[in-house]
Amino acid sequence: MMLVMQLLRGAVKHAGSSPQCSVERLISAVRGISSSSQRLSDLGGTHPPSSTDSDRPKVLITGGLGQLGVGLAKLLRRRFGKNNVILSDIRKPPNHVYHNGPFIFSDILDYKNLREIVVNNNISWLVHYSAVLSAVGENNVALAKEVNITGLHNILDIATEHGLRVFVPSTIGAFGPSSPRDPTPELCVQRPRTIYGVSKVHAELMGEYYNHRYGLDFRCLRYPGIISADSQPGGGTTDYAVQIFHAAVKTGCFECNLRSDTQLPMMYIDDCLRATLEFMEAPADTLVSRTYNINSMSFTPQELIQEIQKVLPDLKVTYNVDPVRQAIADGWPMALEDSAARRDWGWKHECDLSELVHSMLTRITLGNQLAQAY
Ligand SMILES: NC(=O)c1ccc[n+]([C@@H]2O[C@H](COP(=O)([O-])OP(=O)(O)OC[C@H]3O[C@@H](n4cnc5c(N)ncnc54)[C@H](O)[C@@H]3O)[C@@H](O)[C@H]2O)c1
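Residues numbered from 1 in each chain as written. Predicted model: local features only at pLDDT ≥ 70, side-chain atom pairs only at ≥ 80, totals over all residues.

Peer 1: Now, about the overall build of the protein chain: what can you tell me, with residues and values included?
Peer 2: Counting secondary structure elements, the protein chain contains 15 helices and 13 strands. A buried classification covers 47% of the 374 residues belonging to the protein chain. If you take every contact in the protein chain between residues at least 6 apart in sequence, the share linking residues at least 24 apart comes to 77%. (Helix = DSSP H or I, 4+ residues; strand = E, 2+ residues; numbered from the N terminus. Buried ≥ 20, exposed ≤ 12 C-beta atoms within 10 Å, placed from the backbone. Contact = placed C-beta atoms within 7 Å.)

Here's what the structure looks like:
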């Protein structure tokens, strides 16, 4: 409890400079720590609900059991109603996900099944989160090709056939060593050297082509590495920046698989999910482009460690560099240029590095205490 109180004191200080950041909500959550573990899962964005039922989209999220899908479903359900957001995946959901709203099996490689789900549930928005990420993709290129390219074709065809608004995330991995790296502009050379990156450039171009050719309402954000406390990363190059927080709280020791000076763009999950909702809600005529960079902060492992050590000074870090991940990171942007998103649909990040560290440590510590208490 000592660490929680220390973190909350820090959180209150930060809340003064950034009233929107989720640390405030943690304070009310910790007050009710003993009453219900449900409180933790209620943390997140605070958009008011839409006015009428006919305004509300019916949303299908594919690959929804990964790092991002459950949090996005929570945010969208708060805004559009629980039954208007369907999570799907090929894996069995944990109990808390199964009981918190509609969940359905959907393999994006099964075109007929996907079409049936869209028709039977009157889907109007499709958030396409299924993917094989960068590090896993390099170990299984055939699977990455199948899921990230064939799967995307199915999604675009079904979305076009049924007039859906479709969101496909891209990534910093869609750039490569020949792209300008600091900052990386919206439009520049894109020659990635991973199958993940190649498939994401393919997705950007195919989506934009379908928009131009068939009028498909395709929307794409290039996410930085996303950092979350409640969900584990799925095999990307930026995973260390999530794992270090869990290790810092649990054991106080961490082995980092990237070099200490590797600077990459990162974003707290609350900012990422809010950006996704705001972008999906933006009127089509405000979108000058269909693919946007979004940025909030960049840091190296060394800088992240220093920030965590301000709260947990005993954290010990050693380095055991993974040559596959390091080679990927060395070809990725160090920061993204995102003025177009800020200009066209009002994108604005809320969490900086110090707020991120406080929020992550608070959530993980509270989560561990609740797990022990129940
Ligand atoms: N997490 C990040 O840092 C990050 C950064 C940039 C972009 N993105 C993109 O955001 C999206 C979501 O990322 P994530 O971190 O949640 O990914 P993740 O790897 O954690 O989850 C992907 C999900 O896709 C599912 N999946 C795999 N094959 C499938 C299939 N055939 N049919 C249906 N589902 C299938 C998996 O079971 C998994 O639950 C991805 O498209 C990813 O490329 C993520």
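We are not done yet, so read on.
Peer 1: Can you tell me about the nonpolar core, naming the residues and giving the values?
Peer 2: Membership of the largest hydrophobic core comes to 90 residues, with the highest contact counts inside it found for Val59, Leu126, Val166, Ile227 and Phe245. Apart from the residues within four sequence positions on either side, Val166 is in contact with Leu126, His128, Ile155, Ala159, Leu216, Asp217 and Phe218. (Core = buried A, V, L, I, M, F, W, Y, C linked by C-beta atoms within 7 Å.)

Peer 1: Tell me what's going on with the sheet that holds strand β8 (residues 225-227), and back it up with residues and numbers.
Peer 2: Across the sheet, which stays open at both edges, the three strands sit in the order β8-β10-β12 with mixed pairing between neighbours. Of all strands in the sheet, those bounded by a partner on one side alone are β8 and β12 (297-299). In this sheet, adjacent strand axes meet at a mean angle of 45 degrees when their direction is disregarded. Bridge analysis of strand β10 (residues 264-268) against β12 gives three bridges, and the strand direction is antiparallel. If you follow Leu264 over to β12, its bridge partner there is Phe299. Across the sheet, helix α11 (residues 269-281) touches β8 and β10, and the angle it forms with β10 is around 80 degrees. (Pairing = 2+ DSSP bridges. Axes fitted to C-alpha atoms, helices over the stretch in contact; angles between N-to-C directions.)

Peer 1: Tell me what's going on with helix α8 (residues 141-161), and back it up with residues and numbers.
Peer 2: Compared with the 30 Å implied by 1.5 Å per residue over 21 residues, the 29 Å span of α8 between its first and last C-alpha is a close match. Along α8, the positions that sit buried rather than exposed are Ala144, Val147, Asn148, Gly151, Leu152, Asn154, Ile155, Leu156, Ile158 and Ala159. Gly163 occupies a position one or two residues after α8 and carries a positive phi of about 60 degrees. (Expected span 1.5 Å × (residues − 1).)

Peer 1: Would you mind going over the pairing of strand β2 (residues 85-89) in detail, with residue names and values included?
Peer 2: Counting buried residues along β2, five of its five residues qualify, which places the element largely inside the surrounding structure. Side chains Val85, Leu87 and Asp89 of β2 all project onto a buried face; the interleaved residues Ile86 and Ser88 project onto the opposite face, where all are buried too. Note: strand β1 (residues 59-62) against β2, three bridges, orientation parallel. The residue bridging Leu60 from the neighbouring strand is Ile86, located in β2. Each parallel crossover has a hand, and the one from β1 via helix α4 (residues 69-80) to β2 is right-handed. (Right-handed = clockwise from strand over helix to strand, strands pointing away.)

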